[in-house]
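# Remarks on the overall topology
The primary structure of each chain is shown beneath.
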Amino acid sequence: MKENRGSWGSNIGFILATAGSAVGLGNLWKFPYLVGKNGGGAFVIVYLFLVVLLGFSLMLAEMAIGRNGKSDAYGSYRKLNKKLGIAGFLGIFTCFVIFSYYSVIAGWIVKYVIEFIKGGIGGDVAAHFGNHISSPVAPIVYTAIVLLVTAFVVLKGVSGGIEKAGKIMMPALFISLIVITVRVLTLPGAMEGVKYYLTPDFSKINGQVILAALGQVFFSLSLGMGVMITYGSYLDKKPNIVKNSLLVTDLDTIIALIAGLAIIPATIAFGHEVTAGPGLIFITLPSVFAAMPLGSIFGTVFFILVLFAALTSTISLLEVVVAFVVDQAKIERKKATVLITVAVFILAILNSLSFGPLAGVTLFFGMNFFDFLCYLTDNLLLPIGGIMLCVGVGYVWKEADVVAEVTNGGTVKFRLVKVWLFVIRYIIPVVLVLILLQSIGVLKI
Ligand code: TRP
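Residues numbered from 1 in each chain as written. Predicted model: local features only at pLDDT ≥ 70, side-chain atom pairs only at ≥ 80, totals over all residues. Heavy atoms only, no water.

Time to look at the packing of aromatic side chains. Using the criterion set out here, one finds 29 aromatic pairs in the structure. Considering the side-chain rings of Tyr112 and Phe282, the 5.3 Å spacing of their centres and the 85 degrees angle between planes classify their relative orientation as edge-to-face. Taken as a pair, Tyr112 in helix α5 (residues 85-117) and Phe282 in helix α13 (residues 280-291) lie far apart in primary sequence, 170 residues in all. Residue classification places Phe282 among the buried positions, given a relative accessible area of 1%. Aromatic pair Phe116 and Phe289: ring centres 5.9 Å apart, planes at 80 degrees, arrangement edge-to-face. With Phe116 in helix α5 and Phe289 in helix α13, this pair connects stretches of sequence that are 173 residues apart. Comparing Phe116 with Phe289, the two get one shared label, buried. Put simply, the rings of Tyr101, Trp108, Tyr112, Phe116, Phe129, Phe282, Phe289, Phe302, Phe303, Phe355 and Phe370 touch in pairs and so form one group of aromatic residues. Over the face of the ring belonging to Phe219 we find Lys30, whose NZ or CZ atom lies 4.2 Å from the ring centre. (Phe/Tyr/Trp six-rings, centres within 6.5 Å; stacked < 30°, edge-to-face > 60°. Helix = DSSP H or I, 4+ residues; strand = E, 2+ residues; numbered from the N terminus. Buried < 20%, exposed > 50% of the residue type's maximum accessible area, 1.4 Å probe, protein only. Lys NZ or Arg CZ within 6 Å of the ring centre and 35° of its normal.)

Here it is, written out as structure tokens:
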């Protein structure tokens, strides 16, 4: 079976695909609106601190488990200890759930790309957006398009599909993001926004801001759900995974920072509020593009780049589940991909309808289906996944073996290996347990 699992063609291909998983709507949609909602520069500082402390460490832990296990997330965890299989399974389940709502939002982006190609969105953008996401059929069709493209790439396998997609989409994304950012920063009035973005007002930092930043670190870096385990499992023993983790973490963070640098000043320069929340790129930005010279062209480029980012993420969300079914049930990749995509589509339909006909159906702890799934993943599944990851690497796996895996048997220099293990064993679990207690209402932050 092993020979059929697939592997990366090159280390750069691995980096681009992995960065592709991490860079997504989290960077281009969520990060800027969280910055706007949580006090500008203050949020940025807290986020950066947490990326350095937690992000890199967990990324490395996951890649190590995957490369050691040479199997999907479930199989790789089980290789450390049979009981840990549950951790892998939970991660795979989390990916499945995230995929079902992420593809709906990616579908809205497809719709926006088409609207901008047709010349942009004028008039009452909020009403336009509201009408689209609440209609019963159209958004489901766009979601289906996202699922089809994603499945098509995953069908083609690790190096022939996923790696190729990353190699094309990631550089395109990066270049367009730079072009947009330069355009925005040369707008009159942009500097005021830059100041808001870069000047931290420390009085704005509170428990909620820290919690939001922490959740965002997990979401943005795709941590705690077996993605980096799965992608790491297609690596051979040569690449330096310490360096790779650092690179992917850096790339993801840089792209989030640049996205903020484009979106926040653009919003402020045209006199809009940055505190709009989730509607920031869907409602505020189209008005900004409408007011900008050549705005429909810049708008088209912007939404295509967001779509690329979203697709490289949906590809990895699907791949985690497909790898599990291929490795554990020994089902052929093609069959597994089709089966899972159909299953996800059913959940995605319910998610899409949560913005329209099912919006009032609050059967799930007072939340509608979409809100419930977001809450479940962000507040429960991700911290639990993170805790299990720390337990696996910090306590179950033998220290000598962990160190051998991350240093390629001692041939790679990693001076901070002891610090890394300390963070994994003692710091991250404590932080995550606090988060969990707060999520279930035991603790009030
Ligand atoms: N990291 C992705 C983003 O920023 C979102 C994401 C969360 C994700 N979990 C994932 C992507 C798992 C792939 C796999 O948009």
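Moving on, we get to the site of the ligand. In the vicinity of the ligand there are 16 residues, among which Ala22, Gly26, Tyr102, Phe219 and Ser316 approach most closely. Within the backbone of Ser21, a nitrogen or oxygen atom sits 3.4 Å from a nitrogen atom of the ligand. For the ligand, a nitrogen atom lies 2.7 Å from a polar atom in the backbone of Phe219. Protein contact buries 100% of the 360 Å² of open area that the ligand shows by itself. Taken together, the elements giving at least two residues each to the shell around the ligand come down to α1 (11-22), α2 (25-37), α5, α10 (207-220) and α14 (295-329). Looking at side-chain class alone, the shell around the ligand contains 8 nonpolar, 8 polar and no charged residues. (Near = heavy atom within 4 Å. Polar contact = N/O pair within 3.5 Å; in protein donor to acceptor, adjacent residues only side chain to side chain. Areas by Shrake-Rupley, 256 points an atom, 1.4 Å probe, with all protein chains shown as cover. Nonpolar A, V, L, I, M, F, W, Y, C, P; charged D, E, K, R; others polar.)

Turning our attention to unusual backbone geometry. In this structure, Leu294 takes a positive phi of about 55 degrees despite not being glycine. Here Leu294 shows up in the loop between α13 and α14. You will see that Phe365, though not glycine, has its phi angle at about 50 degrees, which is positive. Judged by relative accessible area, which is 73%, Phe365 ranks as exposed.

Turning our attention to the pattern of salt bridges. Side chains that differ in sign of charge can pair as their charged atoms come close. Under the defined criterion, the tally for this structure stands at 11 salt bridges. One salt bridge connects Glu405 with Arg67, and the closest N-O pair in it is separated by 2.7 Å. In this pair, Glu405 is assigned in helix α17 (residues 399-406) and Arg67 in helix α3 (residues 41-69), connecting sequence segments 338 residues apart. The residues Glu405 and Arg67 share a single accessibility class, namely buried. Among the salt bridges present, the one from Lys238 reaches Asp236, with a minimum N-O distance of 3.8 Å. You can call Lys238 exposed: its relative accessible area is 69%. Taken together, the salt bridges that share partners define one network made up of Arg67, Lys237 and Glu405. (Salt bridge = Lys/Arg side-chain N within 4 Å of Asp/Glu carboxyl O.)

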